[in-house]
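Per-entry structural report
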Protein chains: 2
Amino acid sequence: MGSVVGRASKEGRVAKEQNPTPKMPALKLIYFDGKGRAEPLRWILAAGNVPFEQETFGFDAWPARKPNTPYGSVPILMVDGQPLCQTLAIARYAGTLGGLVSKDALKNALGDEAADTMAEVVSKFFDTVFEKDAEKKASTEKSLFEEYLPKVLNVWESRMSGAFLADDKAMWQDVFVGHWLSRLEEARPDLLAKFPKLAGQKNKVLALDGIKKYLASPPQYSLPL
Amino acid sequence: MGSVVGRASKEGRVAKEQNPTPKMPALKLIYFDGKGRAEPLRWILAAGNVPFEQETFGFDAWPARKPNTPYGSVPILMVDGQPLCQTLAIARYAGTLGGLVSKDALKNALGDEAADTMAEVVSKFFDTVFEKDAEKKASTEKSLFEEYLPKVLNVWESRMSGAFLADDKAMWQDVFVGHWLSRLEEARPDLLAKFPKLAGQKNKVLALDGIKKYLASPPQYSLPL
């Protein structure tokens, strides 16, 4: 608890010392000791070269912690000691700090649309992961991977005219979506077989300097998801 | 279909003619002929004096329309003929067009946190509204109105230091939250009895020029919600 964990934090501190940015707040990301819903936030912070620390904990510590969180949920980003909650609110704030936003309101909005939709996909994905009834699990997996997700991917693929979802430069929503595409590919290796532009988008996210550095030696977590 | 409905649209067109804003895109909001998830978007557009048209339809038309929407859902905002989906992405874009954003990234983020949380509250609320099993309905209502929602309202109340959620001026998230607080008060008139700052926030939203004008003669819809 309260410790600095992971390579991202260490690099972050180095980056802060080398390039002092007086307006950059002190950030601490609080989450389970796993990837889960926090990993895309770590990617966004890494992609924007934004220094941050982490506070992680195991499932066993959650019942005692939960009542002390604003809404009974994590991740939480402490910003100069003040809690900021909700994954997408944190993601957008982290992306803003790292300059991963467009000057064009509509491009940001189309990115928001993609991120909101991916968050829905991820909720459905976790529902399938935690479903214990085998028959129900098979049917929700089928509905997600063979119906809903291909429809979503098709919308994004057919809209893309540049290297990324809504622009020729990466926005934080590209990092968010690219992260989840690569996680979902672990479950379905052929996920992007019919979506060459999205496969390119994901690869370009993985090739961003900050992400490459982060993934060269990613933090190791005790929890499986 | 395709017609201009509601006072907002008519005023919008007048406003556009009087104050030509060449960069303002042509907006058309597509939704059921009811308040539902579109009404806070109409409020945000009205509060920012952003001209827009509407296209509404009844439940009977939905099965034929649904497959032609990007993700199988509405609302959709047509922006110069291009669809923008996801309620919160539309809300943020509408708010940006109307200048209802802060220059401070953290204030925007705290607003986003509140809007995301209110969207979760609203999903739970609609679950209770559409629940047919009386016992389950009573238990989900109790869980929402006596446990989760008071906790959420308490977080917002205890954080507020100005007239609005995260600032002294209204952001689009204030309009979004204020709209839903006033809707939820219809179900629970004592909702804000213990939250004087939030009651003030909601009243200040209702008193914004654009909202007052909109509510003086609001569009009438055929659907109850």
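Per chain, the residues get numbers from 1 upward, laid out in the order the sequence is written. All chains are assigned letters beginning at A, and all ligands numbers beginning at 1, according to the order in which they are written. Where totals are concerned, whole chains, interfaces and linings use all residues; where local detail is concerned, this predicted model gives features only for residues with pLDDT of at least 70, and gives and counts side-chain atom pairs only at 80 or more.

1. Some details on the sheet that holds strand β3 (residues 76–79) of chain A
Pairing between the strands of a sheet is mediated by backbone hydrogen bonds and can be parallel or antiparallel. Residue and element names in this part refer to chain A. Rules: By definition, two strands form a pair when at least two bridges between them are found by DSSP. The helix count covers DSSP runs of H or I at least four residues long, the strand count covers runs of E at least two residues long, and both are numbered beginning at the N terminus. The convention used is that axes are lines fitted to C-alpha atoms, helices contributing only their stretch in contact, and that angles between N-to-C directions extend from 0 to 180 degrees.
Strands sit in the order β2-β1-β3-β4 across an open sheet of 4 strands; the sheet is mixed. The open sheet terminates on both sides in strands that have one partner only, identified here as β2 (53–57) and β4 (82–85). Along the sheet, successive strands turn relative to each other by an average axial angle of 25°, direction set aside. With 4 bridges connecting them, β3 and β4 associate as antiparallel partners.

2. Side note on the packing of helix α5 (residues 105–130) of chain A against helix α7 (residues 172–187) of chain A
Residues and elements named next belong to chain A. Cut-off, in case you're wondering: Comment on the angle field: the value is read as roughly parallel under 35 degrees, roughly antiparallel over 145, roughly perpendicular from 65 to 115, and oblique elsewhere. Handedness of a crossing follows from how the near helix is turned relative to the far one, being left-handed for an anticlockwise turn of less than a right angle and right-handed for a clockwise one. A residue pair is marked as a contact if its C-beta atoms, positioned from the backbone, fall within 7 Å. For this classification, the nonpolar set comprises Ala, Val, Leu, Ile, Met, Phe, Trp, Tyr, Cys and Pro, the charged set comprises Asp, Glu, Lys and Arg, and every other residue, Gly included, is treated as polar.
At a minimum axis distance of 9 Å, the contact between α5 and α7 shows a crossing angle of 30°. As the angle between them shows, α5 and α7 are arranged roughly parallel. Note on packing geometry: the crossing formed by α5 with α7 is left-handed. Touching Gly111, Asp112, Ala114, Ala115, Met118, Val122 and Phe125 of α5 are Gln173, Phe176, Val177, Trp180 and Leu184, all from α7. Each residue belonging to the contact of α5 with α7 can be placed in one class, and the counts come to 9 nonpolar, 2 polar and 1 charged.

3. So, the sheet that holds strand β2 (residues 53–57) of chain B
Residue and element names in this part refer to chain B. The strand order across the open sheet built from 4 strands is β2-β1-β3-β4, with neighbouring strands paired in mixed fashion. Edge strands, defined here as strands with exactly one partner in the open sheet, are β2 and β4 (82–85). For this sheet, the mean inter-axis angle between neighbouring strands, taken without regard to orientation, is 25°. Sheet topology note: the strand β1 (residues 27–32)/β2 ladder contains 5 bridges and is parallel. Paired with Leu29 across the two strands is Gln54, which belongs to β2.

4. Regarding the relation of the copies chain A and chain B
Let me state the cut-off plainly: Here the copies are superposed with least squares, the fitted atoms being C-alpha atoms of residues at a pLDDT of at least 70 in both.
By a simple turn and slide, chain A fits onto chain B: the slide is 0.0 Å along the axis, the RMSD is 0.0 Å, and the turn is 180°. Here the copies are linked by what is in effect a two-fold axis. Mapped onto chain B, 100% of the interface residues of chain A again fall at the interface, so both copies present the same surface.

5. So, the interface of chain A and chain B
With 22 residues of chain A at the contact, the number on the chain B side is 22 residues. At 8 residues, the largest contribution of residues to the side of chain A that touches chain B is made by α5 of chain A. When grouped by side-chain class, the residues that make up the side of chain A that touches chain B number 15 nonpolar, 3 polar and 4 charged.

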